[in-house]
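If you want the building blocks of each chain, they are given just below.
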Amino acid sequence: MEYNKYKCVLVKESSCEYNFLGNNPQEIYNSSKDLYITDLAEEVFYIFCLDTKNNIIGTHEISHGTLSASPVHPREVFKRAILNNANCIILVHNHPSGNLYPSQEDYNLTVKLKECGDLLEIPVIDHVIVGQDDYLSFKEEQYIFWLIDRCFINYKISIDIMSFLYYYINIR
């Protein structure tokens, strides 16, 4: 029986200069403008890979979708993060409509990617939704903490169990 030998390679498409830390949502928004994410009529989904000092070491377009959706699979996100030797990642996508309020799909995807990142020890530290003139950061809005509740609801754990978990966490 025959088998194939493969080599995995990361190829740099281009470079750009920056002089800020990648964990600043305003600067992520400004970089999104440089990548023309804010100008597109379709949704696109990017990740920003950061090193241990929060320097951006790479950006990757994960998906280029339609007017109102951009399908994303965790495998595609973390394949690129691993190839980039990322310490952590920031999720970035646009809302062409200009309405920055996260959809239910945005919350669900963030929960899924956050769980995968925690498992792989490549944490998702923010999810930034960008529009033409503004942005919304899950970290700044404290949605990252709220998503813990949303995750429980999505997995249909009852309110009683959630109350017990809150009580248990608070007394420890």
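Worth saying up front: this structure is predicted, and the values here are computed from it rather than measured. (Residues numbered from 1 in each chain as written. Predicted model: local features only at pLDDT ≥ 70, side-chain atom pairs only at ≥ 80, totals over all residues. Heavy atoms only, no water.)

Enquirer: In this structure, what is going on with the pairing of strand β1 (residues 44-50)? I would like to understand it.
Expert: Where a strand is regular, its side chains alternate between the two sheet faces. Counting buried residues in β1 gives seven out of seven residues, a clear majority hidden from the surface. Here β1 folds back onto strand β2 (residues 56-64) in antiparallel fashion, the turn holding five residues, of which Asn54 has a positive phi close to 65°. Here six bridges tie β1 to strand β3 (residues 88-94), and the two strands are oriented antiparallel to one another. Bridge pairing links Tyr46 to Val92 in β3. (Buried < 20%, exposed > 50% of the residue type's maximum accessible area, 1.4 Å probe, protein only. Helix = DSSP H or I, 4+ residues; strand = E, 2+ residues; numbered from the N terminus. Pairing = 2+ DSSP bridges.)

Enquirer: What exactly am I supposed to notice about the layout of surface pockets here?
Expert: Remark: the empty space left among the atoms is shown by a probe the size of a water molecule rolled over them. In this structure, the second largest pocket encloses a volume near 320 Å³. Glu43, Ser68, Ala69, Glu105 and Asp106 are, among the 18 residues lining the second largest pocket, the residues nearest its centre. Ranked by the residues each element gives to the lining of the second largest pocket, the list is headed by helix α3 (residues 104-120), at four residues. Classifying every residue of the lining of the second largest pocket gives seven nonpolar, eight polar and three charged. (1 Å grid on protein atoms, 1.4 Å probe; cavity = no way out; pocket = protein on both sides within 12 Å on 5 of 7 lines; lining within 4 Å. Points joined across faces, edges and corners; volume = space filled by probe spheres on them. Nonpolar A, V, L, I, M, F, W, Y, C, P; charged D, E, K, R; others polar.)

Enquirer: What exactly am I supposed to notice about the nonpolar core here?
Expert: Within soluble globular proteins, side chains that are nonpolar generally end up buried alongside one another. Core analysis: the biggest nonpolar cluster contains 15 residues, and Phe45, Ile47, Val77, Phe78, Ala81, Ile89 and Leu113 have the highest contact counts within it. When contributions to this core are tallied by element, the ones reaching two or more residues are β1, α2 (74-83), β3 and α3. Core analysis: the next-biggest nonpolar cluster, separate from the first, contains 14 residues, Ile28, Ile56, Cys88 and Val92 among them. (Core = buried A, V, L, I, M, F, W, Y, C linked by side-chain atoms within 4.5 Å.)

Enquirer: Could you clarify how one ought to interpret the pairing of strand β4 (residues 124-130) in this entry?
Expert: In terms of burial, β4 is a largely internal element, six of the seven residues being buried. Note: β3 against β4, six bridges, orientation parallel. Among the inter-strand pairings, Ile90 is bridged to a residue of β4, identified as Asp126. Regarding topology, α3 serves as the crossover connection from β3 to the parallel β4, and that connection is right-handed. As paired elements, β4 and strand β5 (residues 135-137) share three bridges and run antiparallel to each other. Note that in β5 the partner of Ile129 across the bridge is Leu136. Where β4 folds back onto β5 in an antiparallel hairpin, the turn is made up of four residues. (Right-handed = clockwise from strand over helix to strand, strands pointing away.)

Enquirer: What's the story with the side chain of Glu43 in this structure? I'm lost.
Expert: Examined against the element boundaries, Glu43 turns out to sit in the loop between α1 (25-34) and β1. It is Lys112 that comes nearest to the buried, bridge-free Glu43 among opposite-charge side chains, at 15 Å. (Lys, Arg positive; Asp, Glu negative; His and termini not counted. Salt bridge = Lys/Arg side-chain N within 4 Å of Asp/Glu carboxyl O.)

Enquirer: What is the right way to read the sheet that holds β2 from this model?
Expert: Within a sheet, each strand pairs with its neighbour through backbone hydrogen bonds, oriented either parallel or antiparallel. The strand order across the open sheet built from five strands is β2-β1-β3-β4-β5, with neighbouring strands paired in mixed fashion. Each of the sheet's edge strands pairs with one partner strand only, and the pair in question is β2 and β5. Pairs of neighbouring strands in the sheet enclose a mean axial angle of 20°, with direction left out of account. In the packing of α1 onto the sheet, the strands contacted are β1, β2, β3, β4 and β5, and the crossing angle to β4 comes to about 50°. Its contacts with the sheet put α2 on β1, β2, β3 and β4, and the angle it makes with β1 is roughly 30°. (Axes fitted to C-alpha atoms, helices over the stretch in contact; angles between N-to-C directions. Contact = heavy atoms within 4.5 Å.)

Enquirer: When you look at the environment of Lys53 in this model, what are you seeing that I'm missing?
Expert: Along the chain, Lys53 turns up in the loop between β1 and β2. With relative accessibility at 63%, the residue Lys53 sits in the exposed group. The sequence separation of Lys53 and Gly22 amounts to 31 residues, and the corresponding C-alpha distance is 9.0 Å.

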